[in-house]
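Below, each chain spelled out in residue letters.
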Amino acid sequence: MNMTDNCADRLREEVTDSRAFWQSDECRHWCRAPHKDADHVDDRGHDSDYVGTITLRHEKLPMEDLINAPFIPPVAFVQVTRDEGEAQARVLVIKCDEATLNLAQQEAEELITALQAAVELARKASLT
Ligand SMILES: [Zn+2]
């Protein structure tokens, strides 16, 4: 291989490899986030689509928001995320574009158990 072939191969690699410089591997199969070289260091990770959407009908809004606009219930989104180099993916519950809950897998399982118990109690409490 001569020098021209080597440069051509490198150029071909740069054109076909769409990974951002900070990505050590190909994007995860479940990731739907676009990645760029200019991504902020806190945004260098992989995010799924929203796997759940919950309308928060009983959420209270600040009074100034109620004065300026009709009440539209906020929505919480559930998403899987994994930062570059992180050993395990986590579960995010996002409300109003802020991560309200940022849970390790074990913590998410504990939340599921607690929510199932609370839903069961709420069902029983609704009967009496
Ligand atoms: Zn990704």
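Rules of the game
- Residues numbered from 1 in each chain as written.
- Predicted model: local features only at pLDDT ≥ 70, side-chain atom pairs only at ≥ 80, totals over all residues.
- Helix = DSSP H or I, 4+ residues; strand = E, 2+ residues; numbered from the N terminus.
- Pairing = 2+ DSSP bridges.
- Axes fitted to C-alpha atoms, helices over the stretch in contact; angles between N-to-C directions.
- Buried ≥ 20, exposed ≤ 12 C-beta atoms within 10 Å, placed from the backbone.

Undergrad: Explanation requested: the environment of D39 in the structure shown.
TA: Of note, D39 is situated in the loop between α1 (3-16) and β1 (45-55). Between the C-alpha atoms of D39 and A20, which are 19 residues apart in sequence, the distance is 8.5 Å.

Undergrad: Just checking my understanding: could you explain the sheet that holds strand β2 (residues 75-83) for this structure?
TA: Consider a sheet: its strands pair through backbone hydrogen bonds, and that pairing is either parallel or antiparallel. What the four strands build is an open sheet, ordered β1-β2-β3-β4; its pairing is antiparallel. Unpaired on one side and paired on the other, β1 and β4 (98-103) mark the two borders of the sheet. Sheet twist, expressed as the average angle between the axes of neighbouring strands with direction ignored, equals 25 degrees. In this sheet, strand β3 (residues 90-95) lies alongside β2 in antiparallel orientation, the contact comprising six bridges.

Undergrad: Can you help me understand the pairing of β4 in this one?
TA: For a regular strand, side-chain orientation follows a simple rule: the groups alternate between the two sheet faces. With zero of its six residues buried, β4 lies for the most part at the surface. Hairpin geometry of β3 and β4 is characterised by an intervening segment of two residues between the two adjacent antiparallel strands and by a positive phi of about 55 degrees at C96.

Undergrad: Before we go on, may I ask you to explain the pairing of β3 in this structure?
TA: In textbook terms, the turn of a hairpin is the stretch between consecutive antiparallel strands, and for β2 and β3 this stretch comprises six residues, one of which, G85, has a positive phi near 85 degrees. In this sheet, β4 lies alongside β3 in antiparallel orientation, the contact comprising five bridges. Bridging from a neighbouring strand, V91 pairs with L103 of β4.

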